[in-house]
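As a plain string of letters, each chain reads:
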Amino acid sequence: MCSDRYNRYAMHLLPLHRWLLLTVGLLTWLVASVPTLWDVCNRPPRTSAFRFGFWIAAFFVFGICFWFTFVATSGPRGRHAWSRAFHLKLIVMQTVAALLMVYLVPCYSIGIILVLVAWQLALLLPRRIAIGWILIQTALLAAILSTRSTGLILFATSTSLAFQMFAFITASVARSESRARRELARANAELRATQELLAESSRISERARISGELHDVLGHNLTALNIHLEVARHLTEGKALEHVSKSQSLAMILLRDVREVVDAVRGDTDMDVRRAVEALIEGLPYPSIHLEMPNDLRIEDSVRAQMLLRCIQEIVTNTLKHSGAKNLWFELVRTDNGIEVLATDDGRGTKSLRPGHGLTGMRQRLEEIGGRLRIASQPQQGFAVSAWVPSKGNIS
């Protein structure tokens, strides 16, 4: 859960969209090779077997590197994800392989696969650096074509550059939309959870108001009625005394019932935590969140309920940003004097754990109410977080 700048440029797509784009990219890679293969097969003397063998090797190097970088930059990164620097090396290999293919077998069509490189650059690098990369590889393409052929160089390079810029802009827009969708999903989940807590707080406040009205109005009036009936019982005789005594008994029963209702209404002030937690995690596109908690989990204090919810929210946010996990497991356990949140994921983990501002602030807020926060992680073993919120105690 340390900071991870790589996440700023990764684009998280829905599984269907991700595999559609990957399929189109691989088809582009394959189709771009058809003119070259046709030319080599129909004009064998123009290309030696040695050159063609190297061309085939470069062709497959490009395809393999494209596969790995695409999967890594367009979906949730699991425990086998590599670093951003390694992905950049793979893209360098793709650029070199594409230019090498053009050099070995001069053919304009194979240069179109540089479009795939431009698309990946938009997901891994800042805009200025990526555009500079595109311009450099296009200039190298023009230089190679100028040494190998004299026809249609301007057309080939300008067309390649235009397609590369189109792919770059499209990927940049898609990345921005993906990031905005993630932020909107988190904000929407937080809003729903806060709405649930506010609804619970309003319900508790309304019940407290009703109980106060019952106690102040009915309780006091019934007490006064009992006093007057007691006086009347001492001043009456005969059959009237019998009716006054019965009326006094009924008034006393009614007063007792009112007090029981008031106690029941005041006692039901616990907040339903489960609904708020489910609202928080509902609708998040990834990771898959698995929740285990008692159905009747409730907290008396709204401040502690809010703190518990914020802990879960911070864990989800850090998993989205840094863990690269596909699954996140939550278990809420009721202890003797509080509630414990146990969270684990299947992300890549880290050897050196450096909590960011979010986790540091969460630890401080928990300590203010007597709680605690523990974080553990190992490379390739994900993160484990334990947060304990006390059910009683002073809040500083």
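Throughout this document, residue positions are counted from 1 along each chain, in the order its sequence is written. For this predicted model, a pLDDT threshold of at least 70 governs which residues receive local features, and a threshold of 80 or more governs which side-chain atom pairs are given and counted, while totals over whole chains, interfaces and linings are taken from all residues. Side-chain calculation: all heavy atoms of the structure are included, whereas hydrogens and water are not.

Another point: the overall build of the protein. Secondary structure elements are taken from DSSP: a helix is a run of H or I of four residues or more, a strand is a run of E of two residues or more, and numbering for both begins at the N terminus. The secondary structure content of the protein amounts to 11 helices and seven strands. Within the protein, the proportion of its 396 residues that are buried is 43%. In what follows, residue pairs with any heavy atoms lying within 4.5 Å of each other are defined as contacts. Within the protein, residue pairs in contact and separated by at least 24 positions form 76% of the contacts whose partners lie at least 6 positions apart. Accessible surface, the protein as shown: approximately 21,100 Å² in total, 62% of it carbon and sulfur. Each residue is placed in one exposure class: buried if its accessible area under a 1.4 Å probe, protein chains only, is under 20% of its type's maximum, exposed if it is over 50%, and partly exposed if it falls in between. A 1.4 Å probe and the Shrake-Rupley method give the accessible areas. Residues count as covered only by the protein chains that appear here.

What follows concerns the environment of Ala343. Its location among the elements puts Ala343 in strand β5 (residues 338-345). Relative accessible area serves as the criterion here: at 3%, Ala343 is assigned to the buried category. For the pair Ala343 and Leu332, spaced 11 residues apart in sequence, the C-alpha separation works out to 8.7 Å. If we skip the residues at most four places from it in the chain, Ala343 touches Ile315, Trp329, Phe330, Phe383, Ala384 and Val385.

Time to look at helix α5 (residues 114-124). The element α5 is largely enclosed, with a buried count of 11 among its 11 residues. Among the residues making up α5, those that are buried are Leu114, Val115, Leu116, Val117, Ala118, Trp119, Gln120, Leu121, Ala122, Leu123 and Leu124.

Turning our eyes to something else, we now look at the confidence of the model for the protein. Known as pLDDT, the predictor's confidence for each residue is given on a scale from 0 to 100. On average, the protein scores 76 in pLDDT, and the residues at 70 or more come to 74%. The secondary structure element of the protein with the lowest average pLDDT is strand β1 (residues 271-272), at 66, and the one with the highest is helix α6 (residues 127-148), at 88. Across residues 1-9, confidence stays below pLDDT 50; counting only partners more than four residues off in sequence or on other chains, it has 36 contacts. Low pLDDT (under 50) marks residues 77-81, which in the prediction has 20 contacts with non-local residues, meaning those over four places away or in another chain.

Attention now moves to the nonpolar core. We call a set of buried residues a nonpolar core when its members are Ala, Val, Leu, Ile, Met, Phe, Trp, Tyr or Cys and they connect through side-chain atoms within 4.5 Å of each other. Of all hydrophobic cores here, the largest spans 43 residues; its most connected members are Phe62, Met101 and Leu121. Those elements giving two or more residues to this core turn out to be α1 (15-32), α3 (49-73), α4 (84-104), α5, α6 and α7 (153-235). Those residues in contact with Leu121, other than ones at most four positions away along the chain, are Ile91, Ala130, Trp133 and Ile134. Counting 33 residues, the second-largest nonpolar core is a separate cluster that includes Ile299, Ala305, Ile339 and Leu373.

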